[in-house]
Amino acid sequence: MIGVIVSVYKVEPYLRRCVDSILRQTLQDFKILLIDDGSPDKCPEICDEYAASDERITVIHQKNQGIAEARNVGIDYFLKDEAIEHIAFVDSDDWLHPQYLESLHEAMKGDTEIDIAQCNFISTEDDTSAHGSIMSGEKTVMSGLEAQKLSTGIKPILWAKLYKKSVFTSGAWGGKISSRKAA
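No experiment lies behind these values; they were computed from the predicted model shown. (Residues numbered from 1 in each chain as written. Predicted model: local features only at pLDDT ≥ 70, side-chain atom pairs only at ≥ 80, totals over all residues. Heavy atoms only, no water.)

1. Section: the overall build of the chain
Okay, step 1: If you tally the helices and strands in the chain, you get five helices and eight strands.
Okay, step 2: For the chain, the succession of helices and strands along the chain, N to C, is β-α-β-α-β-α-β-β-α-β-β-α-β.
Okay, step 3: Per-residue burial for the chain yields a buried fraction of 46% across its 183 residues.
Okay, step 4: For the chain, restricting intrachain contacts to residue pairs at least 6 apart in sequence, the fraction spanning at least 24 positions comes to 77%.
Okay, step 5: For the chain, the accessible surface area stands at approximately 9,400 Å², while carbon and sulfur atoms represent 50% of it. (Helix = DSSP H or I, 4+ residues; strand = E, 2+ residues; numbered from the N terminus. Buried < 20%, exposed > 50% of the residue type's maximum accessible area, 1.4 Å probe, protein only. Contact = heavy atoms within 4.5 Å. Areas by Shrake-Rupley, 256 points an atom, 1.4 Å probe, with all protein chains shown as cover.)

This is the structure we're talking about:
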């Protein structure tokens with residue numbers, strides 16, 4: 001089963017499109033964790049609405065702590081869930097190709113050495129097309145150690161990837177996400 005972590009903050013115009021795209025996945029063996037990071041708009045209510053309508057969706061409301069801490073809350077939550085084998089991150093202003101989870105899961109299936117699968121994505125400025133739409137297609141698969149050693153090849157983003165849950169408990173990852181502010 002896949003745990004999908006969505007940090008939510010000030011994305012009211014995009015949140016429904018994001019969650020609906022996750023719910024329309026061809027692979028349906030997942031749980032969604034919506035982390036309301038103290039959003040001052042209608043996002044908390046939208047999250048609660050989705051949780052009330054689908055048992056796979058859980059919402060955590062917290063004061064604003066930033067995306068890195070919200071993601072850490074999500075990691076901690078899914079590390080305690082024995083049913084979860086893989087973790088994915090979705091930005092709340094993005095949306096997914098219907099085969100996103102299935103494609104990444106298939107890339108990892110049967111190979112115990114693969115810790116991370118990555119796929120392509122499309123980014124546009126126009127909200128009516130594929131802005132932030134994560135697509136299936138060519139995939140890159142590698143162990144967590146390989147990903148750390150590479151300076152190119154795997155993109156330095158959390159989304160557009162599927163992670164083996166053990167990546168977040170092994171020494172290769174460290175288990176936490178940090179964010180650095182530009183000087």
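2. Observations concerning the packing of aromatic side chains
Okay, step 1: Under the defined criterion, the tally for this structure stands at four aromatic pairs.
Okay, step 2: Taking the centre distance of 5.7 Å and the plane angle of 80° together, the rings of F89 and Y163 count as edge-to-face. Highlighted residues: F89 in strand β4 (residues 86-89) and Y163 in strand β8 (residues 161-164), separated in sequence by 74 residues.
Okay, step 3: Of the aromatic side chains, those joined through ring pairs into one cluster are F89, Y163 and F168. (Phe/Tyr/Trp six-rings, centres within 6.5 Å; stacked < 30°, edge-to-face > 60°.)

3. Topic: the nonpolar core
Okay, step 1: V4, V6, I22 and L34 are the most contacted members of the largest nonpolar core, which totals 32 residues.
Okay, step 2: Elements with a minimum of two residues in this core: β1 (2-8), α1 (12-23), β2 (30-37), α2 (43-53), β3 (57-62), α4 (100-108) and β6 (116-122).
Okay, step 3: Counting 14 residues, the second largest nonpolar core, distinct from the first, contains I75, F78, I84 and F168. (Core = buried A, V, L, I, M, F, W, Y, C linked by side-chain atoms within 4.5 Å.)

4. Looking at the packing of α1 against α2
Okay, step 1: Viewed as axis vectors pointing N to C, α1 and α2 meet at an angle of 20°, and their least axial separation amounts to 10 Å. Compared by their axis directions, α1 and α2 come out roughly parallel. For α1 against α2, the interelement crossing comes out right-handed. Here E12, L15, R16, V19, D20 and L23 of α1 come into contact with α2, specifically with C43, I46, C47, E49 and Y50.
Okay, step 2: Of the residues assigned to the contact of α1 with α2, the class counts are seven nonpolar, no polar and four charged. (Axes fitted to C-alpha atoms, helices over the stretch in contact; angles between N-to-C directions. Parallel < 35°, antiparallel > 145°, perpendicular 65-115°, else oblique. Left-handed = near helix turned anticlockwise from the far one by under 90°. Nonpolar A, V, L, I, M, F, W, Y, C, P; charged D, E, K, R; others polar.)

5. Some points on the pairing of β1
Look at any regular strand and the pattern is simple: side chains alternate between the two faces of the sheet.
Okay, step 1: Most of β1 is tucked away, with seven of its seven residues classed as buried.
Okay, step 2: Here β1 shows no split at all, with I2, V4, V6 and V8 on one side and G3, I5 and S7 on the other all buried.
Okay, step 3: For the crossover from β1 across α1 to β2, the handedness is right-handed.
Okay, step 4: Relative to β4, β1 runs parallel, the two being bridged by four bridges. (Right-handed = clockwise from strand over helix to strand, strands pointing away. Pairing = 2+ DSSP bridges.)

6. Section: the pairing of β3
Okay, step 1: Both β2 and β3 contribute to a ladder of six bridges, which runs parallel. Bridge pairing links L34 to V59 in β3.

7. Brief notes about unusual backbone geometry
Okay, step 1: For K10, which is not a glycine, the phi torsion comes out positive at approximately 50°.
Okay, step 2: Assignment of secondary structure puts K10 in the loop between β1 and α1.
Okay, step 3: Judged by its relative accessible area of 53%, K10 falls in the exposed class.
Okay, step 4: Even without being a glycine, A160 presents a positive backbone phi close to 70°.
Okay, step 5: Among the secondary structure elements, A160 is positioned in the loop between α5 (144-149) and β8.
Okay, step 6: A relative accessible area of 1% means that A160 is categorised as buried.

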